[in-house]
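Given next are the chains, with one letter for each unit.
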Amino acid sequence: MKVAILSGSVYGAAEEVARRAVELLNAAGFEAWHKAGASLAEVQAQAPEALLAVTSTTGMGELPGNLQGFYYETRDVFPAWSGKPFAVLALGDSSYDTFCGGGELMRELFAELGMREALPMLRLDASESVTPEDDAEPWLGELIAALRA
Ligand SMILES: Cc1cc2nc3c(=O)[nH]c(=O)nc-3n(C[C@H](O)[C@H](O)[C@H](O)COP(=O)(O)O)c2cc1C
């Protein structure tokens, strides 16, 4: 199964998690594709069968700049991804009221397209841990199982 991984990152932590996701999915036999700052056209060219968004939150609950292009294009174009599985892995900091707001925006977007959430969103809290790529591994294992089912 071809899985497109989108990432939104300001300081690189979400990027690191996305790279770990690529490694784990490929090791599990999936065809994982990831490009930071990918446009909607680049993602569509991959003909993905599932989408994974890995994103941090910036500002007051906003998406990082390198995911905003994809977000707004997708809202405008409304690609025919209805029924396709998706999952969102959110990085944030619980000291903000808008904890993981960027991840919530991606969830809402995919839900509006009629996509199916394969696994409930993971929220990783930067105020609790500094190794999000390690903390993400059990959830990524669950995602692999959910996509195989
Ligand atoms: C200026 C700034 C604003 C932030 N705003 C939020 C926020 O609104 N909600 C949240 O959950 N985390 C917020 N965070 C925390 C980051 O999302 C968190 O540290 C994340 O791990 C950073 O990942 P990155 O290195 O991929 O950008 C903010 C961090 C900074 C520096």
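Refer to the structure above for everything that follows.
These lines cover the structure that appears in this document, whether it is placed above or below. (Residues numbered from 1 in each chain as written. Predicted model: local features only at pLDDT ≥ 70, side-chain atom pairs only at ≥ 80, totals over all residues. Heavy atoms only, no water.)

The element strand E4 (residues 85-92) is extensively covered by neighbouring structure, given that eight of its eight residues are classed as buried. Burial of E4 is two-sided: the residues Pro85, Ala87, Leu89 and Leu91 facing one way and the residues Phe86, Val88, Ala90 and Gly92 facing the other way are all buried. Taken together, the five bridges between strand E3 (residues 50-55) and E4 define a ladder with parallel strand orientation. Counterpart to Thr55 in the pairing with E4 is Ala90. Crossover connection from E3 via helix H3 (residues 65-77) to parallel E4: handedness right-handed. Sheet topology note: the E4/strand E5 (residues 116-117) ladder contains two bridges and is parallel. The residue of E5 that forms the bridge with Phe86 is Glu117. Tracing the backbone out of E4, into helix H4 (residues 101-112) and back to the parallel element E5 gives a crossover that is right-handed. By the bridge criterion, four bridges tie E4 to strand E6 (residues 122-125) in an arrangement that is parallel. Each bridged residue has a counterpart across the sheet, and for Leu89 the counterpart in E6 is Leu122. (Buried < 20%, exposed > 50% of the residue type's maximum accessible area, 1.4 Å probe, protein only. Helix = DSSP H or I, 4+ residues; strand = E, 2+ residues; numbered from the N terminus. Pairing = 2+ DSSP bridges. Right-handed = clockwise from strand over helix to strand, strands pointing away.)

We now examine H4. With 12 residues, H4 extends 16 Å from end C-alpha to end C-alpha; this agrees with the ideal 16 Å at 1.5 Å per step. Residues of H4 that are buried: Gly101, Gly102, Gly103, Met106, Leu109 and Phe110. Looking at the buried positions of H4, the neighbouring elements they touch are strand E1 (2-8), E3, H3 and E4. (Expected span 1.5 Å × (residues − 1). Contact = heavy atoms within 4.5 Å.)

Moving on, we come to the site of the ligand. If you check the shell around the ligand, you find 20 residues, and the closest are Ser9, Ala14, Thr57, Thr98 and Cys100. Interatomic distance of 2.6 Å between a backbone N/O atom of Thr57 and an oxygen atom of the ligand. Here a nitrogen atom of the ligand sits 2.9 Å away from a polar atom, N or O, in the main chain of Gly59. Calculation on the ligand without its partners gives an accessible area of 640 Å², and the protein chains cover 82% of this total. For the shell around the ligand, the secondary structure elements donating two or more residues are helix H1 (13-27) and E4. For the shell around the ligand, a count of residues per class yields 10 nonpolar, nine polar and one charged. (Near = heavy atom within 4 Å. Polar contact = N/O pair within 3.5 Å; in protein donor to acceptor, adjacent residues only side chain to side chain. Areas by Shrake-Rupley, 256 points an atom, 1.4 Å probe, with all protein chains shown as cover. Nonpolar A, V, L, I, M, F, W, Y, C, P; charged D, E, K, R; others polar.)

On to the side chain of Glu133. Along the chain, Glu133 turns up in helix H5 (residues 132-135). Here Glu133 is buried and forms no salt bridge, its nearest opposite-charge partner Arg20 lying at an N-O distance of 4.5 Å. Residues contacting Glu133, with those up to four places away along its chain left out, are Glu16, Val17 and Arg20. (Lys, Arg positive; Asp, Glu negative; His and termini not counted. Salt bridge = Lys/Arg side-chain N within 4 Å of Asp/Glu carboxyl O.)

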